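Breakdown of the fold
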Amino acid sequence: DGATLKLAVPMSLEDLANEGPSTDDPLVVYDEFGAGIGSRIMLSEGGEAAQPFKPNWKPVDAYNAGMIDKLDLDFNSLK
């Protein structure tokens, strides 16, 4: 109840560093948090996406595991 399906495009570290659009294909994500256009979310895919529904498994490909309010990365330390 209260969840929606959204389209989300995964972002690589390069996408985040350039703050440009991602070239990855969009995923359909089960979203209980109300993410909007332009929101950054944490998502899980595959079998991990169904874990929040255990023991009543749901057929989902991706799950919005949380909303990102602020993201600070030191890209030099990630190389």
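Now for a look at the structure at hand. It should be emphasised that the depicted structure is a prediction, and the values quoted were computed from it without experimental measurement.

Helix and strand content of the protein chain: one helix and four strands. Its helices and strands in sequence order give the protein chain the pattern β-α-β-β-β, from N to C terminus. Put simply, the protein chain has 79 residues, and 23% of those count as buried. Taking contacts inside the protein chain between residues at least 6 apart in sequence as the whole, the part at least 24 apart equals 48%. Counting every atom, the protein chain has about 6000 Å² of accessible surface; 51% of that belongs to carbon and sulfur.

On the surface, Leu5, Leu7 and Val28 cluster together into a nonpolar patch covering about 340 Å² of accessible area. With respect to the secondary-structure elements, Leu7 resides in strand E1 (residues 4-8).

Taken as a whole, this structure holds one aromatic pair when the rule is applied. Residues Tyr30 and Tyr63 carry aromatic rings whose centres are separated by 6.1 Å and whose planes lie at 15° to one another, so their mutual orientation is stacked. Of this pair, Tyr30 sits in strand E2 (residues 27-31) while Tyr63 sits in strand E4 (residues 62-67), and the two are 33 residues apart along the sequence. Tyr63 sits in the buried class, given a relative accessible area of 9%.

Glancing now at the pattern of salt bridges. A complete count under the given rule lists two salt bridges for this structure. Between Lys6 and Asp31 there is a salt bridge, with the nearest N and O atoms lying 3.0 Å from each other. Within this pair, whereas Lys6 is found in strand E1, its partner Asp31 is found in strand E2, the two being separated by 25 residues in sequence. Residue classification places Asp31 among the buried residues on the basis of a relative accessible area of 2%.

Take the environment of Leu5 next. Considering the arrangement of structural elements, one finds Leu5 in strand E1. When its relative accessible area of 62% is taken as the criterion, Leu5 is described as exposed. Spatially, the C-alpha atom of Leu5 lies 9.7 Å from that of Asn64, the residues being 59 residues apart in sequence. When neighbours within four sequence positions are excluded, Leu5 is seen to be in contact with Val28, Val29 and Tyr30.

Cut-offs and rules
- Residues numbered from 1 in each chain as written.
- Predicted model: local features only at pLDDT ≥ 70, side-chain atom pairs only at ≥ 80, totals over all residues.
- Heavy atoms only, no water.
- Helix = DSSP H or I, 4+ residues; strand = E, 2+ residues; numbered from the N terminus.
- Buried < 20%, exposed > 50% of the residue type's maximum accessible area, 1.4 Å probe, protein only.
- Contact = heavy atoms within 4.5 Å.
- Areas by Shrake-Rupley, 256 points an atom, 1.4 Å probe, with all protein chains shown as cover.
- Patch = residues over 30% accessible without salt bridge, like charges linked within 9 Å, V, L, I, M, F, W, Y side chains within 5 Å.
- Salt bridge = Lys/Arg side-chain N within 4 Å of Asp/Glu carboxyl O.
- Phe/Tyr/Trp six-rings, centres within 6.5 Å; stacked < 30°, edge-to-face > 60°.

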